[in-house]
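# Structural overview for review
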Amino acid sequence: MTIISHNPPGLYPPYRCYSHATEIRGDARLLIISGLNGYLADGVTLPKSFEEQGEVIWQHIGTVLRAADMDYRDLVSLRFYLADPRYDEANVRLRVKYLGDHRPSLTVVCCQLLDPKWKLEVEAMAAK
């Protein structure tokens, strides 16, 4: 399987940890991860800060990826739902921490989340 990032000339420069499109060629397994929130494993405890919830979510993503014999480098698409636009820079810092120079396709949406205590929800797709 080959993963190709597409950032063609004529489009605006891609943001940090981002590609305009990601193409998957060849036989592959596709893992679609539902929106994850920042609850700890007990399903009750939720950290209060955006950064703490984000760390928990990225750890949850890692757990799901490992269960499918994948890792963060296998992510091909991410969708971030922020409860407030002021969380954008902290969200970017978390992406840089977990993705390094890996650049999957991504979208960031600011919206009212289902539970007002949630600061962030993340959906992901990975392929291998």
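Above this text is the structure in question.
Below is a short write-up of the structure. These numbers were taken from a predicted model, which means no experiment stands behind them.

### Observations concerning the sheet that holds strand β4 (residues 75-82)
The four strands are arranged β3-β6-β4-β5 in an open sheet whose pairing can be described as mixed. Among the strands making up the open sheet, the edge pair consists of β3 (30-36) and β5 (105-110). Each adjacent strand pair in this sheet contributes to an overall mean axis angle of 5 degrees, direction not counted. For β3 and strand β6 (residues 120-127), the ladder comprises five bridges, and the chain directions are antiparallel. Bridge pairing in β6 links I33 to A124. The strands touched by helix α2 (residues 88-99) within the sheet are β4, β5 and β6, with β4 carrying the most contacts at an inclination of about 155 degrees.

### Describing the side chain of S19
In this fold, S19 is placed in the loop between β1 (2-6) and β2 (21-25). A relative accessible area of 1% means that S19 is categorised as buried. Here R103 takes part through its backbone oxygen, which lies 2.6 Å from a polar atom of the side chain of S19.

Conventions used here
- Residues numbered from 1 in each chain as written.
- Predicted model: local features only at pLDDT ≥ 70, side-chain atom pairs only at ≥ 80, totals over all residues.
- Heavy atoms only, no water.
- Pairing = 2+ DSSP bridges.
- Helix = DSSP H or I, 4+ residues; strand = E, 2+ residues; numbered from the N terminus.
- Axes fitted to C-alpha atoms, helices over the stretch in contact; angles between N-to-C directions.
- Contact = heavy atoms within 4.5 Å.
- Buried < 20%, exposed > 50% of the residue type's maximum accessible area, 1.4 Å probe, protein only.
- Polar contact = N/O pair within 3.5 Å; in protein donor to acceptor, adjacent residues only side chain to side chain.

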